[in-house]
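# Fold and contact review
Residue strings, one per chain:
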Amino acid sequence: MASERGEQTIILEFDVPQTIRRVNLEIEEKEASRRQEITLSVSVDAGTSYREHVRQEYNFSPPGATFQREEWQLSADRVTHLRLRIKPDKGETECRATLTSFAVH
């Protein structure tokens, strides 16, 4: 869980360029009803520019829908940076972004 409210960005910077074929993530929200947006982008030029690969929304509405699991297929070569942006609530409710697991293959 983010330490602060609002949009959060995670950037993975690789020592050597990588080939990325799959990204998995899981998010769990047991407390707040919210509509979260996640954007995954890659850079092949040391983080100077990014190309968006995935934009996904998910509605959490505890106690019903509390868990999101995604597996995204990519075809990304020579990746120097991978950026994951999480907007915790598109309805602009003050809440914190959560990410249970994040794996890059």
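Structure's up top.
Anyway, here's the lowdown on the structure attached to this text.

Here is what the cut-offs are and how they apply
Residues numbered from 1 in each chain as written. Predicted model: local features only at pLDDT ≥ 70, side-chain atom pairs only at ≥ 80, totals over all residues. Heavy atoms only, no water. Pairing = 2+ DSSP bridges. Helix = DSSP H or I, 4+ residues; strand = E, 2+ residues; numbered from the N terminus. Axes fitted to C-alpha atoms, helices over the stretch in contact; angles between N-to-C directions. Buried < 20%, exposed > 50% of the residue type's maximum accessible area, 1.4 Å probe, protein only. Contact = heavy atoms within 4.5 Å.

### Details of the sheet that holds strand β4 (residues 67-87)
Strands sit in the order β3-β2-β4-β1-β5 across an open sheet of five strands; the sheet is antiparallel. For this open sheet the edge positions go to β3 (51-60) and β5 (101-104), each flanked by a neighbour on one side alone. Between one strand and the next, the sheet's axes are offset by a mean angle of 15 degrees, whatever the strand orientation. Bridge analysis of strand β2 (residues 34-43) against β4 gives seven bridges, and the strand direction is antiparallel. Across the sheet, residue Ser 41 finds its bridge partner in β4, namely Arg 83.

### A short note on the environment of His 53
By the element assignment, His 53 lies in strand β3. The exposure class assigned to His 53 is partly exposed, which follows from its relative accessible area of 26%. With 19 residues separating them along the chain, His 53 and Trp 72 place their C-alpha atoms 9.2 Å apart. If we skip the residues at most four places from it in the chain, His 53 touches Leu 40, Ser 41, Val 42, Leu 74, Ser 75 and Ala 76.

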